[in-house]
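The residues making up each chain are set out below.
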Amino acid sequence: MPFLYANQFSLVPFSPVMRLEILYELQQRDARGAKADPTSVRLIAKTLAHLPHLLGTDLGDLLALTAKGTSSNTDAHVKEIHRTLHIAHEEMGGIKPREKHIWDLTRISLPSIESKSGAPAGHSRTIDFTAVRQPWLRELALTWARDTYPTATRLRDTVRVAAMAPGRLGPVLGRDHPVGRRLWSQMTAPRRWSAAR
């Protein structure tokens, strides 16, 4: 290990594959104007350098390894490295961010007055369309989101309302109403299936 000043770090301790993984994440971080914390990278080298690679490694396992003797900033770096590698791997496989049912707002450019990433401060950076249990309503919400480019706040609110709508509209419309029958059927289908088992 070479001698390092406080503002320096080295990739020498890492395996060749992991060295490329860390370098790639640092390049992505730099490309969006974020700074790398030399202390955090040195702590990552101290606790994770024995691993052959990071891609495919469980994030919980990585955080468990860095839990002692590191800082919250180090954990943030580990999470970002893990996420960046996962994103790159999906892109290499041709998986587009908007094709998924869980959207990572750091990968999707949405208009926002709240943050550059499109994710309001203090909120989750993901939108989970699987919270909408009805397939037809989930696909409707996905199509709307893909076609209209809503703000992150509006998208989050829309998915939340879509997830709640069947439970609220079904009883209001009643089972004799065509839409009510469909909502009631969709809403109770998993329960009937569970009961049948």
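Because the structure is a prediction, the values reported are computed rather than measured. (Residues numbered from 1 in each chain as written. Predicted model: local features only at pLDDT ≥ 70, side-chain atom pairs only at ≥ 80, totals over all residues. Heavy atoms only, no water.)

### Quick word on the packing of helix α2 (residues 38-48) against helix α4 (residues 72-92)
With their axes 9 Å apart at the nearest point, α2 and α4 run at an angle of 75° to one another. Judged on the interaxial angle alone, α4 and α2 are roughly perpendicular. Where α2 abuts α4, its residues Ser-40, Val-41, Leu-43, Ile-44 and Leu-48 lie against Asn-73, Thr-74, His-77, Val-78 and Ile-81. The residue makeup of the contact of α2 with α4, split by class, is 6 nonpolar, 4 polar and no charged. (Axes fitted to C-alpha atoms, helices over the stretch in contact; angles between N-to-C directions. Helix = DSSP H or I, 4+ residues; strand = E, 2+ residues; numbered from the N terminus. Parallel < 35°, antiparallel > 145°, perpendicular 65-115°, else oblique. Contact = heavy atoms within 4.5 Å. Nonpolar A, V, L, I, M, F, W, Y, C, P; charged D, E, K, R; others polar.)

### Points about the nonpolar core
By size, the foremost hydrophobic cluster in this structure holds 16 residues, and its most contacted members are Phe-14, Met-18, Ile-22, Leu-48 and Leu-54. Among the secondary structure elements, those contributing two or more residues to this core are α1 (16-31), α2 and α4. Broken down by element, this core gets its largest block of residues, 4 residues, from α2. When sequence neighbours within four positions are dropped, the list of residues in contact with Phe-14 reads Arg-19, Ile-22, Val-41, Ile-44, Ala-45 and Ala-49. Core analysis: the second largest hydrophobic core is formed by 15 residues, Trp-103, Leu-110, Leu-142 and Val-159 among them. (Core = buried A, V, L, I, M, F, W, Y, C linked by side-chain atoms within 4.5 Å. Buried < 20%, exposed > 50% of the residue type's maximum accessible area, 1.4 Å probe, protein only.)

### As for unusual backbone geometry
Despite not being glycine, Tyr-149 has its phi angle at roughly 50°, a positive value. Its location among the elements puts Tyr-149 in the loop between α5 (135-148) and α6 (152-173).

### Digging into the pattern of salt bridges
Within this structure, the stated rule accounts for 5 salt bridges. A salt bridge links Arg-29 to Glu-25; the nearest nitrogen and oxygen atoms lie 3.5 Å apart. With Arg-29 and Glu-25 both in helix α1, this residue pair falls 4 residues apart, about one helical turn. Residue Arg-29 shares its accessibility class with Glu-25, and that shared class is buried. Between Asp-104 and Arg-83 there is a salt bridge, and its shortest N-O distance comes to 3.9 Å. (Salt bridge = Lys/Arg side-chain N within 4 Å of Asp/Glu carboxyl O.)

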